[in-house]
Amino acid sequence: MSTAPVPSFYLYGEPQRSVAEGFVHVESLDDRSRPSEWTIRPHVHRDLNHIILIAQGGGAMQAEAARVSFEAPCLLLIPAGVVHGFGWHRESRGHVTTIADSYLHHLLARDPDLAPLFTAPLLVMLPQEERAAAEEIIIGMARELGWSGPGQRAAVESALLLLMVLTLRHATPAEAGRPGVARQAALVARLRERIEQRFRAREPVSVHARALGTSLTALRQACARVAGSSPAQMLDDRALLEARRLLLYSQLSIADIGYAIGFEDPAYFSRFFARHVGEPPRAYRAARKRALP
């Protein structure tokens, strides 16, 4: 039984392969969008994150089941593992910066202030006067990536950090800069990684706390402060995310979707889904598929 309802790419349209340590890539928005008639179908990158600058034009982004419209100038941030697609206005202009997940985690570990940028898909509107600054940073980074001169790696990293700082200062995540957040953010990041690997096992929160070497109380406090949620809710949210993906992008039956995310009883899965989402999975599938482009 297949549970991979959306294509997983390296870069869009390219077969999945391992990502090199420290991988950073910059390309023009229209490199892949123009040949695709300005439509990027829903897909996922297992180990790559995007920062997309829209300098001119606009469009709509679909991230999982959510859809948001935007106009230039803005930045779109898509974390690894998030199903996403785009419909661009014709002749939109911008740049797509792609960062290896392992490299991004290395950068975020050094400066946890930046971590809130990549907890979920994010739209950040830019003032008109910042558009040129963002473009200059990205064009400089692309120039450095195009050669192998001395200090190239440092130059790319400094440009990448500058771009993230510019994004952060216009996104102003509520948790950025609070004392004590760095240690808790690192704990929550480890929990997210573990949930991603094991959410289908439906393990109790206490099992995750023991595996992470922390107390249940400390884990709950960290999740409340950093994620605005509880560990149990984060586990449920990941299971619901997978259920929504399978309902939208696969032909699996409701029962098979329940089995695929760790529920032994399809009826219990349907009740779980309806309690959290507000409608049973069959109704959710029918309504959302009618709304998809």
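Bear in mind the structure is a predicted one, so any value in this text is a computation, not a measurement.

Concerning the sheet that holds strand β6 (residues 74-78)
Spatially, 5 strands are ordered β1-β8-β3-β6-β9 in an open sheet, and the strand pairing comes out antiparallel. The open sheet terminates on both sides in strands that have one partner only, identified here as β1 (24-28) and β9 (122-125). Shown here is a sheet whose adjacent strand axes are inclined to one another by a mean of 15°, direction ignored. Set on the sheet, helix α2 (residues 101-110) makes contact with β1, β3 (48-56) and β8 (93-100); between it and β8 the angle comes to about 85°.

A closer look at unusual backbone geometry
Omega for the peptide link from Ala72 to Pro73 comes to -5°, which places this bond in the cis form. For Pro73, the location among the structural elements is in the loop between β5 (66-71) and β6. The phi angle at Glu37 is positive, at roughly 60°, despite the residue not being glycine. If you trace the backbone, Glu37 turns up in the loop between α1 (30-33) and β2 (39-43). Residues other than glycine seldom take positive phi values, yet Trp38 does so here, at roughly 65°. Of note, Trp38 is situated in the loop between α1 and β2. Using a relative accessible area of 3% as the deciding quantity, one classes Trp38 as buried.

What to know about the pattern of salt bridges
Opposite charge on two side chains makes pairing possible when the charged atoms of those side chains draw close. As enumerated under the stated definition, the model contains 18 salt bridges in all. With its nearest N and O atoms 3.0 Å apart, the salt bridge here joins Glu91 to Arg34. You can see Glu91 sitting in the loop between β7 (84-88) and β8 and its partner Arg34 sitting in the loop between α1 and β2, a full 57 residues away along the chain. When its relative accessible area of 37% is taken as the criterion, Arg34 is described as partly exposed. Here Arg245 and Glu242 are joined by a salt bridge, their closest N and O atoms 3.6 Å apart.

What to know about the sheet that holds β2
Strand order in the open sheet formed by 4 strands is β2-β7-β4-β5, with antiparallel pairing between adjacent strands. Where the open sheet ends on each side, the last strands, each with one partner, are β2 and β5. Mean inter-strand twist for the sheet, computed between neighbouring axes without regard to direction, equals 15°.

So, helix α6 (residues 205-212)
Structurally, the α-helix is built with 3.6 residues per turn, so residues lying three or four positions apart point the same way. Among all positions in α6, only Val205, His208, Ala209 and Leu212 are buried. Along the axis of α6, the buried positions cluster into a sector of 100°, meaning they face one direction only. The first or second residue beyond α6 is Gly213, which carries a positive phi of 70°.

Topic: the packing of aromatic side chains
Under the counting rule described, the total for this entry stands at 9 aromatic pairs. Aromatic pair Phe86 and Trp88: ring centres 4.6 Å apart, planes at 10°, arrangement stacked. Accessibility assignment for this pair places Phe86 and Trp88 in one class, buried. Pairing Phe263 with Tyr268 gives two aromatic rings, centres 5.7 Å apart and planes at 45°, and the pair type is tilted.

Conventions adopted
Residues numbered from 1 in each chain as written. Predicted model: local features only at pLDDT ≥ 70, side-chain atom pairs only at ≥ 80, totals over all residues. Heavy atoms only, no water. Pairing = 2+ DSSP bridges. Helix = DSSP H or I, 4+ residues; strand = E, 2+ residues; numbered from the N terminus. Axes fitted to C-alpha atoms, helices over the stretch in contact; angles between N-to-C directions. Contact = heavy atoms within 4.5 Å. Buried < 20%, exposed > 50% of the residue type's maximum accessible area, 1.4 Å probe, protein only. Salt bridge = Lys/Arg side-chain N within 4 Å of Asp/Glu carboxyl O. Arc of directions from axis to C-beta. Phe/Tyr/Trp six-rings, centres within 6.5 Å; stacked < 30°, edge-to-face > 60°.

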